[in-house]
Every structure is written in C-alpha cells, then in structure tokens.
Amino acid sequence: DTGVSQNPRHKITKRGQNVTFRCDPISEHNRLYWYRQTLGQGPEFLTYFQNEAQLEKSRLLSDRFSAERPKGSFSTLEIQRTEQGDSAMYLCARTGVDGETQYFGPGTRLLVL
Amino acid sequence: SQELEQSPQSLIVQEGKNLTINCTSSKTLYGLYWYKQKYGEGLIFLMMLQKGGEEKSHEKITAKLDEKKQQSSLHITASQPSHAGIYLCGADRGSQGNLIFGKGTKLSVKP
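These lines cover the structure that appears in this document, whether it is placed above or below. (Residues numbered from 1 in each chain as written. Chains lettered and ligands numbered in written order. Predicted model: local features only at pLDDT ≥ 70, side-chain atom pairs only at ≥ 80, totals over all residues. Heavy atoms only, no water.)

## A short note on the sheet that holds strand 1 (residues 4–7) of chain A
Residues and elements named next belong to chain A. Strand order in this open sheet of four strands is 1-3-8-7, and the pairing throughout is antiparallel. For this open sheet the edge positions go to strand 1 and strand 7 (65–68), each flanked by a neighbour on one side alone. Along the sheet, successive strands turn relative to each other by an average axial angle of 15°, direction set aside. (Pairing = 2+ DSSP bridges. Helix = DSSP H or I, 4+ residues; strand = E, 2+ residues; numbered from the N terminus. Axes fitted to C-alpha atoms, helices over the stretch in contact; angles between N-to-C directions.)

Structure, rendered in structure tokens:
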C-alpha cells in the first residue's frame, strides 16, 4: 500500500467531453504531484501542490487542464474538451516522511474515443 | 534527446540468472530513484540514491550511483518470475522535487 488512492481507475469518454479524476493521499503528507504516462514512456510531470498551493505547472498542462487541492488533502485533475491525445495514464504521487521520496497511486487510465 | 537513457529497453532472462539495468543521465544527478511498474498499474518505489558511490540493497536487488559518470545501475541476483515488470529510473532535477523519468526497461523472467 503506497498510501495513495485514485478514482476512477478507468475512464472512457468521447472527444469533447469533460472528465475529472481524484487523488486521495494519506492526509499528513504535504506534497502532491500529478504525472501523465503514455504507452512505452516514463511518467511526465504535470503539476504539484504544497498543501493547497499549486506551486509549479509543466508546459504540458494546457489551458484545458486544471488541478485543485482545496483543503490540502485530496486533489482533483480536470480535463475540459478532451482530445484523443489526452489518452494516457494519469498518476498521482505523495511525498513520504523524508519529504522527497514519491509514492505513486495506481493511476487513472483515460481513453478518449 | 531523452535526458535519462535506460538500457536495455527490454530484457528476457531465465529464472535464476543475474541481470543489470543501466540508467544514464545527460545532466548532473541530484538524486536517482528506481521504481518498478506492472503493466497498467502505478509505480512501486524500490530505492533512492543521493550520493556518488552510494549503494543500496533490498532483498535481491542492488542499486549503485556513479555520480561522475552520471549513471546508475540496478542489479538483480538470481531473478525470479516475481521480478518481471518495467523498471524505471527517475531523476530529481533539484526543481522542487518533480521527477524526470527514463522510458523504462521491460524485464521478463522465464520460469
């Protein structure tokens, strides 16, 4: 158990629809990261939060993407007007007690038709 | 070009054999992480290396960091089918903790 749950585990949607993913880490850890992974590639950083503050965003995070962490615990990632290129595994990670090591959730696999 | 290069891309070994996976960085390494991923699942943390020359072991897996060469290796002794999966190296670029990953090495272990 990595202390991170993600929902849903799988999502199939039609192009143009909006989708939202949720990440629930163990509450006492402060940093939360979102990554995207496509087939045959390693995860790519999207954004991260220190408590409820979003401190860094990758250029991969277009205007259609928005992430929140309203109370410094769970986080949501929303994609508006989905495109086929958004099909990927979306991974969430929390930091451990050392403040550095990242522990990943099981991911949400998105398929845009 | 890829900032972290992993080799080989894939590997098939007979159960009981030893194997090594390499991860080479084109930039200075501040911290190097090794993860294992089963298909369609999340990443499982294996080890973190921070200092040149550092070596860590967990069960039959040993990882080393050669800071001068900007390279890390992951060695598995007496491989088992349970070792099968994708091994990913990730580097901390010192930019508030976000990690950059290699493409992964797919390991298959034949019983």
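## So, a nonpolar patch on the surface
A surface patch of nonpolar side chains, amounting to about 300 Å² of accessible area, comprises A:Ile12, A:Leu111 and A:Leu113. Of note, A:Leu111 is situated in strand 11 (residues 108–112). (Patch = residues over 30% accessible without salt bridge, like charges linked within 9 Å, V, L, I, M, F, W, Y side chains within 5 Å. Areas by Shrake-Rupley, 256 points an atom, 1.4 Å probe, with all protein chains shown as cover. Salt bridge = Lys/Arg side-chain N within 4 Å of Asp/Glu carboxyl O.)

## Let's talk about the interface of chain B and chain A
Interfaces are frequently sized by the accessible area removed from exposure as the parts join. Chain B puts 21 residues into the contact, and the matching count from chain A is 26 residues. The tally of links between chain B and chain A comes to zero salt bridges. Here chain B and chain A share six residue pairs in polar contact (both at pLDDT 80 or more) between them. Those elements that place two or more of their residues in the side of chain B that touches chain A are strand 4 (32–37), strand 5 (43–49) and strand 10 (99–101) of chain B. Of all the elements, strand 5 of chain B adds the most residues to the side of chain B that touches chain A, at four residues. Its residues placed into classes, the side of chain B that touches chain A shows 10 nonpolar, nine polar and two charged. (Contact = heavy atoms within 4.5 Å. Polar contact = N/O pair within 3.5 Å; in protein donor to acceptor, adjacent residues only side chain to side chain. Nonpolar A, V, L, I, M, F, W, Y, C, P; charged D, E, K, R; others polar.)

## Notes on the packing of aromatic side chains
Residue and element names in this part refer to chain A. The final tally for this structure, using the stated rule, is 12 aromatic pairs over all chains. Each ring, one from Tyr 35 and one from Phe 104, has its centre 5.4 Å from the other, and the planes form 45°; the classification is tilted. Of this pair, Tyr 35 sits in strand 4 (residues 31–37) while Phe 104 sits in strand 10 (residues 102–104), and the two are 69 residues apart along the sequence. In this structure, Tyr 35 and Phe 104 share a single accessibility class: buried. (Phe/Tyr/Trp six-rings, centres within 6.5 Å; stacked < 30°, edge-to-face > 60°. Buried < 20%, exposed > 50% of the residue type's maximum accessible area, 1.4 Å probe, protein only.)

## Observations concerning the state of the cysteines
All names here are of chain A. Following the criterion strictly, the structure yields two disulfides over all chains and no others. Note that Cys 23 is cross-linked by a disulfide to Cys 92, the S-S spacing being 1.8 Å. Between Cys 23 and Cys 92 the sulfur-sulfur dihedral comes to about -65°; the bridge is accordingly left-handed. On the criterion of sequence distance, the pair formed by Cys 23 in strand 3 (residues 19–25) and Cys 92 in strand 9 (residues 88–95) is long-range, its members being 69 residues apart. Judged by its relative accessible area of 0%, Cys 92 falls in the buried class. (Disulfide = S-S within 2.5 Å.)

## A look at unusual backbone geometry
Trans is the prevailing form of peptide bonds, just as negative phi is the prevailing case for residues other than glycine. The omega torsion of the bond from A:Asn7 to A:Pro8 falls at -10°, within 30 degrees of zero and hence cis. Positioned with a positive phi, B:Ala78 is a non-glycine residue whose angle comes to about 50°. Tracing the backbone through its elements, the reader meets B:Ala78 in the loop between strand 8 (71–76) and strand 9 (85–92). Here B:Ala78 falls in the partly exposed class, since its relative accessible area comes to 25%.

## Considering the nonpolar core
Within the largest apolar cluster, 21 residues are counted, with the highest numbers of intra-cluster contacts made by B:Leu32, B:Trp34, B:Leu74, B:Tyr87 and B:Leu107. Looking at this core, the elements that each hand over two or more residues are strand 3 (19–25), strand 4, strand 5, strand 7 (61–66), strand 8, strand 9 and strand 11 (105–110) of chain B. Apart from residues no more than four positions distant in its own chain, B:Leu107 is found in contact with B:Leu11, B:Val13, B:Leu19, B:Ile76, B:His83, B:Ala84, B:Gly85 and B:Tyr87. Of all hydrophobic cores here, the second largest spans 18 residues; its members include A:Val19, A:Leu32, A:Leu77 and A:Tyr90. (Core = buried A, V, L, I, M, F, W, Y, C linked by side-chain atoms within 4.5 Å.)

Purely geometric numbers; function is a separate question.
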